[in-house]
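Topology and contacts: notes
The lines below spell out each chain.
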Amino acid sequence: VAEQVTLKVTGMTCGGCENAVKRAVGSLKGVSDVRASHQANEVTVTYDPALIDRAAIAQRIETAGYRVAA
Ligand SMILES: [Cu+2]
């Protein structure tokens, strides 16, 4: 069963940043959907909790160069 989490992400300033986050997180195994808004500073991820967790998703966003609020 898929779960959905919305993360507060800072550092996204345009649509290019949104696409970078979508590409980075979307490449993770277990992630089925990613939506990103630089205006809302939010990234919403649909994922399979048997394959990946929130911490791994947050880490991938940080590796891409953006900051995830705890
Ligand atoms: Cu940008």
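Our structure's up above, just so we're on the same page.
Residues numbered from 1 in each chain as written. Predicted model: local features only at pLDDT ≥ 70, side-chain atom pairs only at ≥ 80, totals over all residues. Heavy atoms only, no water.

Focus: the nonpolar core
Within the largest apolar cluster, 19 residues are counted, with the highest numbers of intra-cluster contacts made by Val9, Met12, Val25, Val43, Val45, Ile57 and Ile61. Those elements that place two or more of their residues in this core are strand E1 (3-10), helix H1 (15-26), strand E2 (31-37), strand E3 (42-47) and helix H2 (54-63). Other than its neighbours up to four places away in sequence, Val25 contacts Val31, Val34, Val45, Ile57, Arg60 and Ile61. (Core = buried A, V, L, I, M, F, W, Y, C linked by side-chain atoms within 4.5 Å. Buried < 20%, exposed > 50% of the residue type's maximum accessible area, 1.4 Å probe, protein only. Helix = DSSP H or I, 4+ residues; strand = E, 2+ residues; numbered from the N terminus. Contact = heavy atoms within 4.5 Å.)

What about H1?
Between its terminal C-alpha atoms H1 stretches 16 Å, which fits the 16 Å expected from twelve residues at 1.5 Å a residue. Within H1, burial applies to Cys17, Glu18, Val21, Ala24 and Val25. End-on, the buried residues of H1 take up no more than an arc of 135 degrees, which puts them together on one face. Close packing links the buried residues of H1 with E2, E3 and H2. (Expected span 1.5 Å × (residues − 1). Arc of directions from axis to C-beta.)

Quick word on H2
Note: α-helices contain 3.6 residues per turn, so residues at a spacing of three or four share the same orientation. Those residues of H2 that fall on the buried side of the exposure criterion are Ile57, Ala58 and Ile61. One side of H2 carries all its buried residues, which in axial view fall inside an arc of 100 degrees. The exposed residues of H2 that point more than 90 degrees off its buried face are Gln59 and Thr63. Summarising the contacts, the buried residues of H2 are in contact with E1, H1, E3 and strand E4 (67-68).

Thoughts on the pattern of salt bridges
Applying the stated rule across the entire model yields three salt bridges. For the salt bridge of Lys8 with Glu42, the shortest nitrogen-to-oxygen distance reads 3.3 Å. Note that Lys8 is positioned in strand E1 and Glu42 in strand E3, a separation of 34 residues in sequence. Take Glu42: its relative accessible area is 29%, and that puts it in the partly exposed class. Between Arg67 and Glu62 there is a salt bridge; the shortest N-O distance is 2.6 Å. (Salt bridge = Lys/Arg side-chain N within 4 Å of Asp/Glu carboxyl O.)

Looking at the sheet that holds E4
Adjacent strands of a sheet pair through backbone hydrogen bonds, lying either parallel or antiparallel. Taken in spatial order, the four strands of this open sheet run E2-E3-E1-E4, and their pairing is antiparallel. Because the sheet does not close on itself, it has two edges, and the strands there are E2 and E4. In this sheet, E3 lies alongside E2 in antiparallel orientation, the contact comprising six bridges. Along E3, the bridge assignment pairs Val34 with Val45. (Pairing = 2+ DSSP bridges.)

Don't take any of this as a statement about function, it's just geometry.
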